[in-house]
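Residues per chain, in single letters:
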Amino acid sequence: MKLIAATLLLSLSSTTAFAQSDDQPDWERVPQARPSATIFSPLDLPAPNSIRNGAGAPGPDYWQQQVDYEIDVEIDVETRIVHATAEVTYTNNSPDPLDYLWLHLEQNVFRADSIGNAVADAASIGAKPEGDGYTIYGVKHKRKELPFHVYDTMGLLELPKPLAANGGKFSFEIEWSFVIPKNVFRRFGIRKYRKGTVIEIAQWIPQVAVYDDVNGWNTLPYLGSGEFYTNIGDFNVNITAPRDFVVVATGVLQNTNNVFTPSQAKALGKAKKSEETVMIISKEEVGMNDSRPKGDGPLTWRFEAESVRTFAWACSDAFILDAASVDGILVQTAYPEEGGKVWAKATQMACKAIAGYNRRLIPYPYPVATNVLGPEGGMEYPMIVFCNGSRERSVYGVTTHEIGHNWFPMMINTDERRHAWMDEGFNTFINGYSTEDWFGPQRKNENDPADFAFMMQMAGSVPIVTAPDKLPAMALGLLEYSKTGVGLTLLRETIVGPERFDFAFKQYMNRWKFKSPQPSDFFRTIEDAAGMDLAWFWRGWFMEAGLLDQAISGVGKKNDRIRFENLGELVMPLHYRITYTDGSAEDFKKPVEIWYQSNQIIVNLTSNKEIAEVEIDHHRLFPEMNRDDNTWNVAEKNAEKAAVTETGTE
Ligand SMILES: [Zn+2]
């Protein structure tokens, strides 16, 4: 409704603007006043409470659930079957007793009759249903079977008695299996390379859904686009794989000496203290008998991970493995020989990316970071990322992006299924600065607002705050990644300024690390810590889809005043340059508050010099959609006047 009111007002003011954009503007005209509800009105955010306060920080009663997993998993490479058992310990820190738990069963999206498959089919994005999803062999508590109901990608677990509030604990065992789909479709998969097979495993655990203070149980199904929202917890995982396979995973490897040869274990020890990349398993060693520990039968790899939102892993008989250390973090890359020279640099790329984020943001929170080259094009998990690509630009680009996700959403644990912009967009924003860590100073930030103006029009009337599953694929990238990344860049570089912005952004991260902020917590924290009213920006950029069109609608006869108009739905500060006939120029910056009362403002000039030209956004800092009306030029005006006079005498 607010949007309609604003559009109406704009169409009124733009008609009058064009009618008066000659040499005799009606300067005495009373500017059209804004209606009471405008883009500058306070946002309609949820009322602050003792869980999430008015400053955007967690309050004294903030709580979140803890879910810890002890898992044994075995992979059969021939049949592609993953079979696992888990002991899950759920701690109910909420103030509410719980009668049941919801679990996510994401593998079920591959069933032919899944909702996700129907959605993909309807959108013609070529999903290939495969297999039966999860086979659940049973859910037990103290050896007693619990009622467990499967509804598409969600499972309902009935509890034997209500789970007490404020710290009640409940443990259950679950056993399951699934077949890894042959066709790589979304975030994990299997692929053959020259020397062997690379298998990436994710969304493989029936994880307990989030129960929170905002939505209760978060039961949005897994459809494909919307990613994940999970509880933070500890994972101890034992992975059993064929002896000739090397396993990498979320977490710290606990039994290095059992799963690596003595020389490999020694090299790994060296890598932990080396800035230079150390080879653990070289190209020549891949596939050689003595490159794996002596013995028969499969090997079990033990990993422990603290404070992670999920657990992913990869294994292969084709992996080259190298590693180095940055800021005390072990950085590894596992890749088949097809990765070539570029992937031989991937560990250094990851080190540079992490060092850059550590410097600009808050420190990487985990002891390990592993990059895997395999079937998945680019996907993030805590401490491990699945990447692809062959050229240096794309390999660094995808590596720094997926590693950046360790900040958003691994550490700042947002609800990706509802608010994809809070991880993809924030990550795109930090990636824009990370590029120079590897490639050196760049001519322009990748998230350049002026360049993005054209793309903004393509997104149509859909705002950023739309759940990812409800967006067409094109709009997903455009809004959740690009527009959000561009918006934060604009906010930092031009609207708030780097010093104020960085202080506020760090506050947001420090307040919410290993916690779950909502959009309102972000908006409030930035305003609170930057000390600015940004309702107009959150509304204009994130909640609505308006465009920016600033214009010059008149220059006074004596060149003593200029009238500027805001013709779009979006508002921004007004920057303009005046060039004088003597060749000198002056830049002026007006804050966004100039548009508080009206969409037109008059600026009185004080210089005695004669104006040659006025140009809005000369430095191209804003996503201006129509630059044709951004310039007023005296020579052009005089030529027009001469033409009119000529016509008049005929
Ligand atoms: Zn991403």
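Structure shown above.
Below is a summary of the structure that appears in this document. (Residues numbered from 1 in each chain as written. Predicted model: local features only at pLDDT ≥ 70, side-chain atom pairs only at ≥ 80, totals over all residues. Heavy atoms only, no water.)

Now for the coordination of the zinc ion. Listed as protein donors to the zinc ion are His401 (NE2), His405 (NE2), Glu424 (OE) and Glu424 (OE); their distances from the metal cover 2.0 to 2.7 Å. Spacing between the donor residues of the zinc ion along the chain follows H-x3-H-x18-E. Separated by 23 residues along the polypeptide, His401 in helix α7 (residues 392-404) and Glu424 in helix α9 (residues 424-439) bring together distant segments of the chain. Across this residue pair, the class does not change: His401 and Glu424 are buried. (Donors = N, O, S within 2.8 Å, 3.2 Å for Na, K, Ca; no water. Helix = DSSP H or I, 4+ residues; strand = E, 2+ residues; numbered from the N terminus. Buried < 20%, exposed > 50% of the residue type's maximum accessible area, 1.4 Å probe, protein only.)

Our next topic: the sheet that holds strand β30 (residues 611-616). As a general point, the strands of a sheet are linked pairwise by backbone hydrogen bonds and lie either parallel or antiparallel. With antiparallel pairing, 4 strands are arranged side by side in an open sheet as β28-β27-β30-β31. Strands at the two margins of the open sheet, each flanked by one partner only, are β28 (585-590) and β31 (631-633). Averaged over all neighbouring strand pairs, the angle between strand axes comes to 15°, with direction disregarded. Here 6 bridges tie strand β27 (residues 574-580) to β28, and the two strands are oriented antiparallel to one another. By the bridge assignment, Ile578 is partnered in β28 with Glu586. (Pairing = 2+ DSSP bridges. Axes fitted to C-alpha atoms, helices over the stretch in contact; angles between N-to-C directions.)

On to the packing of helix α13 (residues 519-530) against helix α14 (residues 535-543). Taken N-terminus to C-terminus, the directions of α13 and α14 make an angle of 145°; their axes are 11 Å apart at the nearest point. Judged by the twist between their axes, the crossing of α13 over α14 is right-handed. Contacts between α13 and α14 involve Phe522, Phe523, Ile526 and Glu527 from the former and Ala535, Trp538, Phe542 and Met543 from the latter. Of the residues belonging to the contact of α13 with α14, the class tally is 7 nonpolar, no polar and 1 charged. (Left-handed = near helix turned anticlockwise from the far one by under 90°. Contact = heavy atoms within 4.5 Å. Nonpolar A, V, L, I, M, F, W, Y, C, P; charged D, E, K, R; others polar.)

Bridge analysis of strand β9 (residues 189-193) against strand β10 (residues 196-201) gives 5 bridges, and the strand direction is antiparallel. Opposite Tyr193, over in β10, you have Gly196 as the bridge partner. In sequence, β9 turns back onto β10 through a hairpin of 2 residues.

Looking at chain direction, strand β1 (residues 66-76) and strand β14 (residues 233-241) are connected through 6 bridges and run parallel. Bridge pairing in β14 places Tyr69 opposite Phe235. Sheet analysis places β14 next to strand β18 (residues 299-308), joined by 8 bridges and oriented antiparallel. Along β18, the bridge assignment pairs Thr240 with Thr300.

Now for α7. For α7, built from 13 residues, the straight-helix expectation of 18 Å at 1.5 Å per residue is met to within 8% by its first-to-last C-alpha distance of 18 Å. The complete set of buried residues in α7 reads Val395, Tyr396, Val398, Thr399, Thr400, His401, Glu402, Ile403 and Gly404. (Expected span 1.5 Å × (residues − 1).)

The next point concerns unusual backbone geometry. With an omega of 15°, the peptide bond between Phe408 and Pro409 qualifies as cis. Counting through the fold element by element, Pro409 comes out in helix α8 (residues 406-411). You will see that Asp152, though not glycine, has its phi angle at about 55°, which is positive. Position of Asp152 among the secondary structure elements: in the loop between β6 (148-151) and β7 (154-163).

Okay, the nonpolar core next. Among the nonpolar cores identified, the biggest contains 189 residues, and Trp204 and Trp313 are the most heavily contacted of them. Per element, the largest residue contribution to this core is 10 residues, and it comes from helix α11 (residues 473-496). Setting aside its immediate chain neighbours within four residues, Trp204 contacts Ile71, Val73, Val82, Ala84, Gln107, Tyr134, Trp176, Phe178, Val237, Phe311, Ala312 and Trp313. (Core = buried A, V, L, I, M, F, W, Y, C linked by side-chain atoms within 4.5 Å.)

Here we take up the environment of Thr197. Topologically, Thr197 is positioned in strand β10. Accessibility expressed as a relative area gives 7% for Thr197, which makes it buried. Those residues in contact with Thr197, other than ones at most four positions away along the chain, are Ile190, Arg191, Lys192, Phe245, Cys315, Ser316, Asp317 and Ala318.

Quick look at the sheet that holds β10 now. Spatially, β9-β10-β19-β15 is the arrangement adopted by the 4 strands of the open sheet, whose pairing is antiparallel. At either end of the open sheet lies a strand with only one pairing partner, and these are β9 and β15 (246-249). Direction aside, neighbouring strands of the sheet carry axes that sit 15° apart on average. Relative to strand β19 (residues 313-316), β10 runs antiparallel, the two being bridged by 4 bridges. Among the inter-strand pairings, Val198 is bridged to a residue of β19, identified as Ser316.

Taken together, the side chains of Phe454, Met458 and Met474 present a nonpolar region at the surface, about 330 Å² in accessible area. Summarising the element assignment, Met474 is placed in helix α11. For Met474, a relative accessible area of 47% puts it in the partly exposed group. (Patch = residues over 30% accessible without salt bridge, like charges linked within 9 Å, V, L, I, M, F, W, Y side chains within 5 Å. Areas by Shrake-Rupley, 256 points an atom, 1.4 Å probe, with all protein chains shown as cover. Salt bridge = Lys/Arg side-chain N within 4 Å of Asp/Glu carboxyl O.)

Counting across every chain of the model gives 0 disulfides. Cysteine Cys315 remains unbridged, with the sulfur of Cys387 as its closest cysteine sulfur at 17 Å. Among the residues examined, Cys315 registers a relative accessible area of 0% and is labelled buried. A residue is classified by how much of its surface remains accessible, and Cys387, at 0% relative accessible area, is buried. (Disulfide = S-S within 2.5 Å.)

A separate point is the layout of surface pockets. Put simply, the largest pocket is a space of about 300 Å³. Contributing to the lining of the largest pocket are 19 residues, with Arg187, Glu227, Gly378, Met379 and Tyr481 lying nearest its centre. Elements represented by at least two residues in the lining of the largest pocket include exactly β23 (378-381), α7 and α11. Sorting elements by how many residues they give to the lining of the largest pocket places β23 first, with 3 residues. (1 Å grid on protein atoms, 1.4 Å probe; cavity = no way out; pocket = protein on both sides within 12 Å on 5 of 7 lines; lining within 4 Å. Points joined across faces, edges and corners; volume = space filled by probe spheres on them.)

Right, let's talk about a negative patch on the surface for a bit. Together, Glu70, Asp72, Glu87, Glu304 and Glu306 give the surface a local cluster of negative charge. Listing elements by their share of the negative patch, those giving two or more residues are β1 and β18. Along the chain, Glu306 turns up in strand β18. (Lys, Arg positive; Asp, Glu negative; His and termini not counted. Charge placed at Lys NZ, Arg CZ, Asp CG, Glu CD.)

The subject of this paragraph is the environment of Asp68. Topologically, Asp68 is positioned in strand β1. Residues Asp68 and Asn231 lie 163 residues apart in sequence; the distance between their C-alpha atoms is 9.1 Å. Once residues within four sequence positions are removed from consideration, Asp68 is found in contact with Glu87, Val88, Thr89, Gly233 and Asp234. A polar side-chain atom of Asp68 sits 2.7 Å from a polar atom in the side chain of Gln66. There is a polar contact of 2.8 Å between the side chain of Asp68 and the backbone nitrogen of Asp234. (Polar contact = N/O pair within 3.5 Å; in protein donor to acceptor, adjacent residues only side chain to side chain.)

Enumeration according to the criterion identifies 50 aromatic pairs in this entry. Relative to Phe505, the ring of Phe429 lies with its centre 5.5 Å away and its plane at 90°, an arrangement referred to as edge-to-face. Separated by 76 residues along the polypeptide, Phe429 in helix α9 and Phe505 in helix α12 (residues 498-512) bring together distant segments of the chain. Residue Phe429 is classed as buried on the basis of its relative accessible area of 3%. Here Phe522 and Phe523 contribute two aromatic rings whose centre-to-centre distance is 6.0 Å and whose plane-to-plane angle is 55°, an arrangement assigned as tilted. Assessed through its relative accessible area of 2%, Phe523 is described here as buried. Looking at Arg393, its charged tip hangs above the ring of Phe439, at a distance of 3.9 Å from the centre. Its end group placed over the ring of Trp541, Lys483 keeps NZ or CZ at 5.2 Å from the ring centre. (Phe/Tyr/Trp six-rings, centres within 6.5 Å; stacked < 30°, edge-to-face > 60°. Lys NZ or Arg CZ within 6 Å of the ring centre and 35° of its normal.)

None of the figures reported here should be taken as evidence of function without further support.
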